[in-house]
Structure formats: structure tokens, C-alpha cells
Amino acid sequence: MSLAAPPDVVRFSPRSGDASDCVVAALEAACGVSYEEALAASMVYQPDVLETGMYWDQVQKAAKRLGFKTHVARSGRYDIDDETGILYVYRKLPGMRKREHHVVYLWDGRIIEPQDGRRQLWLDPRQFLTYYGYRAGSLLVVEEKT
């Protein structure tokens, strides 16, 4: 399976500040569109995206609406040090049974984190995961335009 090549430039806007728009920000970066375009495409499939986030099938449909093909690489089936895509990360919250779900943009083995408008760039994805206590899940790879 050949994965998408990383883009030469990543467009990234500050998040809106809402808790669940990480997927919109990551879709923006992955597709090279504006935040508003990514949000509009996302809201077609999940009107409450800013409150609830999205599932992979909804993100895939939004990417397709923006003109891109996608596929999901399951955890353990991609090399986090070399790949590019929207990375699902999760962690167990202290004292709770629930998991916290989040996505970031993995760009050629680097993490771009939109959390809190900080727009952090982590050169080592494992340091990011360790620092925040996350585990890497599946990777949504955005391929060529359709």
C-alpha cells in the first residue's frame, strides 16, 4: 500500500477554541483548504462537529467532498516516523472509565497539534505521545485529489 506524500506546505489556522474542532483543523491541514472550507464540508456529515467531533467515515466523506480520496491505516500498520495523515490519539482520563479522543496532523513523521491555538510542531511523535499521555490509534491518509 503506498501512502500519500507529504505536502510541501501545511496551511494551519488557529482553532476556534471549541473542544471538538481538532478534526476540522486537521482536515484543513491535510487537504490544504481553509478552516471555513473544512468546517463547511464537515458540517454536511456531522452538523454538531464542533460539539461532538466526527467518526472516520464522516471525515472521509468530508475529505471526498473537498475532492480527496482517503484510506484508514490501522494502528500498527503504518510507520509513525515517516507517514502523513490525520492521526487519531487517545488517553484514559484519570479516575474515569472513558477515553479522551483527539486527532492531530501527522506530517512526514512530525506532529502538528492545534490544541488551544498553540499550533505546536513536534519533531518526534513519540515525545508528543509521551508528554500528553496519548496512545496512537489509526491514521487517516489523505491521498490525491479525485
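Quick look at the structure, then. The residue count restarts for each chain, going from 1 along the sequence in the order it is written. Local features are withheld for residues below a pLDDT of 70 in this predicted model, meaning they are given only at 70 or higher, and side-chain atom pairs are given and counted only at 80 or more; totals for whole chains, interfaces and linings count all residues. Only hydrogens and water are removed before side-chain values are computed, so all heavy atoms of the structure are retained for them.

**Some details on the overall build of the protein**
The helix and strand inventory of the protein stands at 5 helices and 6 strands. Exposure categories follow from relative accessible area, calculated using a 1.4 Å probe and restricted to protein chains: below 20% of the type maximum is buried, above 50% is exposed, and the middle band is partly exposed. Relative to its full complement of 146 residues, the protein shows a buried share of 49%. Sequence separation of at least 24 residues holds for 59% of the intrachain contacts in the protein that already meet a minimum separation of 6. Secondary structure is summarised from DSSP: a helix means a run of H or I of at least four residues, a strand means a run of E of at least two, and numbering begins at the N terminus for each. Here a residue-residue contact requires only that any non-hydrogen atoms of the pair lie within 4.5 Å.

**Here's the deal with the packing of aromatic side chains**
What describes a pair of aromatic rings is the distance from one ring centre to the other and the angle between the planes of the rings. Within 6.5 Å between ring centres, the rings of Phe, Tyr and Trp (the latter by its six-membered ring) count as paired, and their orientation is classed by plane angle as stacked under 30 degrees, edge-to-face over 60, tilted in between. Inspection of every chain in the model, using the stated rule, returns 8 aromatic pairs. Here Y88 and Y90 contribute two aromatic rings whose centre-to-centre distance is 5.5 Å and whose plane-to-plane angle is 25 degrees, an arrangement assigned as stacked. Taken as a pair, Y88 and Y90 share a single burial class, namely buried. Measuring from centroid to centroid gives 4.9 Å for Y131 and Y132, while their planes differ by 85 degrees, and the two rings are edge-to-face. Look at Y131 and you get exposed, because its relative accessible area is 60%.

**As for the side chain of T70**
By the element assignment, T70 lies in strand β1 (residues 68-73). Side-chain polar atoms of T70 contact the side chain of Q60, separated by 3.0 Å. Not counting chain neighbours up to four residues away, the residues in contact with T70 comprise Q60, A63, L140, V141, V142 and E143. Throughout this description, a polar contact denotes any pair of N or O atoms lying within 3.5 Å of each other; where both atoms belong to protein, one of them has to be capable of donating a hydrogen while the other can accept it, and for residues adjacent in sequence the pair is counted only when both atoms sit in side chains.

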